[in-house]
Amino acid sequence: MAKGKTFSVTTLPGFTAIALTTFVLLYAPIVTMVIYSFNDSQSVALWGGFSTRWYVEAWDNTQVQEATVRSLVIAVSAAFISTTVATMAALGTTRRGRFKGQTLIYVMINQPLMVPEIVTAVALLIFFASIKVATGYTGLAYLILAHSAFCVPFAYLPIRARLEGMDLALETAASDLYARPWQTFRHVTLPLMMPGIAAGAMLAFVISLDDVIITEFVKSAGQDTLPTYMLGQLRRVVTPEVNAISTALLALTVLLLTAFFILNRKRD
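Scope of this entry: the structure provided in the associated data block. (Residues numbered from 1 in each chain as written. Predicted model: local features only at pLDDT ≥ 70, side-chain atom pairs only at ≥ 80, totals over all residues. Heavy atoms only, no water.)

The helix and strand inventory of the protein chain stands at 12 helices and 0 strands. Here the C-alpha atoms of the protein chain give a radius of gyration of 23 Å, more than 25% beyond the 18 Å that 2.2 N^0.38 yields for 268 residues. Taken along its principal axes, the extent of the C-alpha atoms in the protein chain is 75 × 70 × 35 Å. The buried share among the 268 residues of the protein chain stands at 36%. Long-range contacts, defined here as pairs at least 24 residues apart, represent 71% of the contacts in the protein chain between residues at least 6 apart. Taken as a whole, the protein chain presents about 16200 Å² of accessible surface, with 70% of it coming from carbon and sulfur. The distance from the centre of the 19 positive side-chain charges to the centre of the 15 negative ones in the protein chain is 11 Å. (Helix = DSSP H or I, 4+ residues; strand = E, 2+ residues; numbered from the N terminus. Rg over C-alpha atoms; globule rule 2.2 N^0.38 Å. Buried < 20%, exposed > 50% of the residue type's maximum accessible area, 1.4 Å probe, protein only. Contact = heavy atoms within 4.5 Å. Areas by Shrake-Rupley, 256 points an atom, 1.4 Å probe, with all protein chains shown as cover. Lys, Arg positive; Asp, Glu negative; His and termini not counted. Charge placed at Lys NZ, Arg CZ, Asp CG, Glu CD.)

Glancing now at the nonpolar core. Of all hydrophobic cores here, the largest spans 34 residues; its most connected members are Tyr156, Ile159, Leu163, Met193, Ile214 and Val218. The set of elements that each furnish at least two residues to this core consists of α3 (62-94), α4 (102-109), α6 (117-135), α7 (141-164), α9 (181-209) and α10 (213-218). Broken down by element, this core gets its largest block of residues, 12 residues, from α7. The contact partners of Leu163, leaving out residues within four places of it in the chain, are Ala90, Leu91, Thr94, Arg95, Thr189 and Met193. In terms of nonpolar packing, the next biggest core, distinct from the first, is built from 8 residues, Ala67, Met230, Val242 and Ile245 among them. (Core = buried A, V, L, I, M, F, W, Y, C linked by side-chain atoms within 4.5 Å.)

Here the focus is the pattern of salt bridges. Applying the stated rule across the entire model yields 3 salt bridges. Between Lys219 and Asp224 there is a salt bridge; the shortest N-O distance is 3.3 Å. What makes Asp224 partly exposed here is its relative accessible area of 29%. (Salt bridge = Lys/Arg side-chain N within 4 Å of Asp/Glu carboxyl O.)

Moving on, we come to the packing of α6 against α7. Between α6 and α7, whose axes approach to 11 Å, the crossing angle comes to 145 degrees. Along this stretch, α6 crosses α7, giving a crossing that reads as right-handed. Contacts between α6 and α7 involve Glu117, Leu124, Phe128, Ile131, Lys132 and Thr135 from the first element and Tyr142, Leu145, Ala146 and Phe150 from the second. Across the contact of α6 with α7, the residue classes tally to 7 nonpolar, 1 polar and 2 charged. (Axes fitted to C-alpha atoms, helices over the stretch in contact; angles between N-to-C directions. Left-handed = near helix turned anticlockwise from the far one by under 90°. Nonpolar A, V, L, I, M, F, W, Y, C, P; charged D, E, K, R; others polar.)

Along the polypeptide, Asp211 turns up in the loop between α9 and α10. For the buried Asp211, no salt bridge exists, and the shortest N-O distance to an oppositely charged side chain is 11 Å, to Lys219. Discounting chain neighbours no more than four positions away, the residues touching Asp211 are Glu117, His147, Phe150, Thr225 and Pro227.

Structural data, given as structure tokens:
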């Protein structure tokens, strides 16, 4: 009996054309943006020669500097808080047997992913506005807490996936050898789940860094982050400076992804 051929989606008619079209639509705008970030002209549509002028202007721009520092402070803080909460939630929902209400807990944790971001932003605006009125405090803590709440599910998913792929045998063996729960977690569970924690933290950092909607609703006057500053500039006058800032953010994201893959390869 002849052996049947293995099905491959790449053999379907039109697959190559569709794949190439998809990649062009995805990356052509990004490549164009990067190229025009080196445009010497004031216009974003007319090429005026190669120059790093807009990178220099962005670097010397006080507003860009302040917005960048503010964005990094918020993103690092939100990534740390959300990853810590997500780690505890993942441990509580995976390192035990099935329990009543487990599905509801999954839904509650992942709720920010299922609800439109504008709804979350409005809810946070109302919640924090009442606190601002009651306390008079208008600092960055509101943005950090808002970003942290929104980033929890993004950090939770890779951590939970890592824990579900881990065998309980090593933790059980540590317990059999009279290791205390904290010792088992510190020396066995935590090292094994670190790739998932690193992935969750990186994802939460990137999500927080480029968030616009929640930031626009929650921030107070003078608390522009880099994305909201760029949005404000696009409303006024568009210059290649915005392209330069966007290219810098793209480079930062690529560096984070590269570092994560290298870290994962070394651990594997």
